[in-house]
Amino acid sequence: MELDNKTIVITGASSGIGAAAARLFLQEGANVVLGARSKDKLTALAEEIDPALQRTLVVPGDVTHIAYANELVTRAEERFGGLDGAFNNAGIVGDMVPVTEMTHANWSTVMTVNLTSAFLAAQAQIPALMRRGGGSLVFTSSFVGFSNGGMPGMAAYAASKAGMLGLVQSLASEHAIDAIRVNALLPGGTVTPAGGGGNVDAMAFIAGLHPVKRMARPTEIAQAAMFMLSDRASFMTGSPMQVDGGMSVRLI
Ligand SMILES: NC(=O)c1ccc[n+]([C@@H]2O[C@H](COP(=O)([O-])OP(=O)(O)OC[C@H]3O[C@@H](n4cnc5c(N)ncnc54)[C@H](OP(=O)(O)O)[C@@H]3O)[C@@H](O)[C@H]2O)c1
């Protein structure tokens, strides 16, 4: 049991990587607090993976709202007695257009959902981890905006995910003394609604960008998040962990 008795908030749990993380973390002994906007999807997942809802709590809401960031933490503490970590994973791609054609509204929305939400999550979660005497935060960044991840039409997404790395580095250095570890997870292309969205041509293109010539399964990304949330990663903080099928080291 890699996460035995740890209470973990997971955002973006209604789909893709977050839903895979919910299944995996629960299997590995965690109490999981599931966040996303879709109450129906969260409830269906919770009832499937934990029918008695003994170690699963559904807290629907929008990660761009500070009240929701706080609610995820307070509900976790009320129900399970404290918070040990969070997988801050909710995100959107936004409009895929060149910068010269991108609306200010799209830029703002993507930055708010992907990056400002991470700031709000950290502000809510760090005090709870301090009350617990330490813990671990993982933020889902991306290969896009990182080494070899220059992708046309994805400037807002790339900027939000690259900005997250700066946030993670600062948080890691600010709270290492509090026994709080903070790391970023950089998935490669992953088979989810956001990762090609079931479009066969798009998914073949994305797969071909990776030296391994395939996309990841969501659970392969969730495994890496679990490692960083577990005590096995006890000396790891401030890291951008690449789980990208070699994307960042490809030569062409
Ligand atoms: N798939 C890839 O190829 C890939 C690669 C690199 C990084 N990533 C990153 O991995 C993370 C998970 O993506 P995924 O591929 O699993 O995508 P996904 O299947 O589309 O899931 C995205 C999740 O984010 C939630 N979400 C979106 N906006 C939200 C909001 N305003 N408030 C609360 N929840 C919100 C969605 O739930 P609701 O719609 O119910 O709110 C959903 O659960 C994202 O941060 C993404 O950028 C994905």
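Computed from a predicted model, the values in this text were never measured in an experiment.

Chemist: I'd like to hear about helix H4 (residues 104–132), residue by residue, with values.
Modeler: Between its first and last C-alpha atoms H4 spans 40 Å; for 29 residues at 1.5 Å apiece the expected length is 42 Å, and the two agree. At Thr112, H4 shows its largest bend, some 40°. Of the residues one or two after H4, Gly133 is the one with positive phi, at around 90°.

Chemist: Tell me what's going on with the site of the ligand, and back it up with residues and numbers.
Modeler: Around the ligand lies a shell of 30 residues, among which Ser14, Ser15, Arg37, Tyr157 and Thr192 are the nearest. Taking Ser14, its side chain carries an N or O atom lying 2.7 Å from an oxygen atom of the ligand. Contact distances for the ligand include 3.0 Å between a nitrogen atom and a backbone N or O atom of Val63. Protein burial of the ligand: of its 880 Å² of free accessible surface, 91% is covered by the chains. Cavity membership is defined here by more than half of the atoms lying within 2 Å of grid points; on that basis the ligand lies in the largest pocket. For the shell around the ligand, the secondary-structure elements that each account for two or more residues are helix H1 (16–27) and helix H5 (155–175). Here the residues of the shell around the ligand are counted per class, giving eleven nonpolar, 16 polar and three charged.

Conventions used here
Residues numbered from 1 in each chain as written. Predicted model: local features only at pLDDT ≥ 70, side-chain atom pairs only at ≥ 80, totals over all residues. Heavy atoms only, no water. Helix = DSSP H or I, 4+ residues; strand = E, 2+ residues; numbered from the N terminus. Expected span 1.5 Å × (residues − 1). Bend = angle between axes of the 7 residues up to and from the residue. Near = heavy atom within 4 Å. Polar contact = N/O pair within 3.5 Å; in protein donor to acceptor, adjacent residues only side chain to side chain. Areas by Shrake-Rupley, 256 points an atom, 1.4 Å probe, with all protein chains shown as cover. 1 Å grid on protein atoms, 1.4 Å probe; cavity = no way out; pocket = protein on both sides within 12 Å on 5 of 7 lines; lining within 4 Å. Sits in = over half its atoms within 2 Å of the grid points. Nonpolar A, V, L, I, M, F, W, Y, C, P; charged D, E, K, R; others polar.

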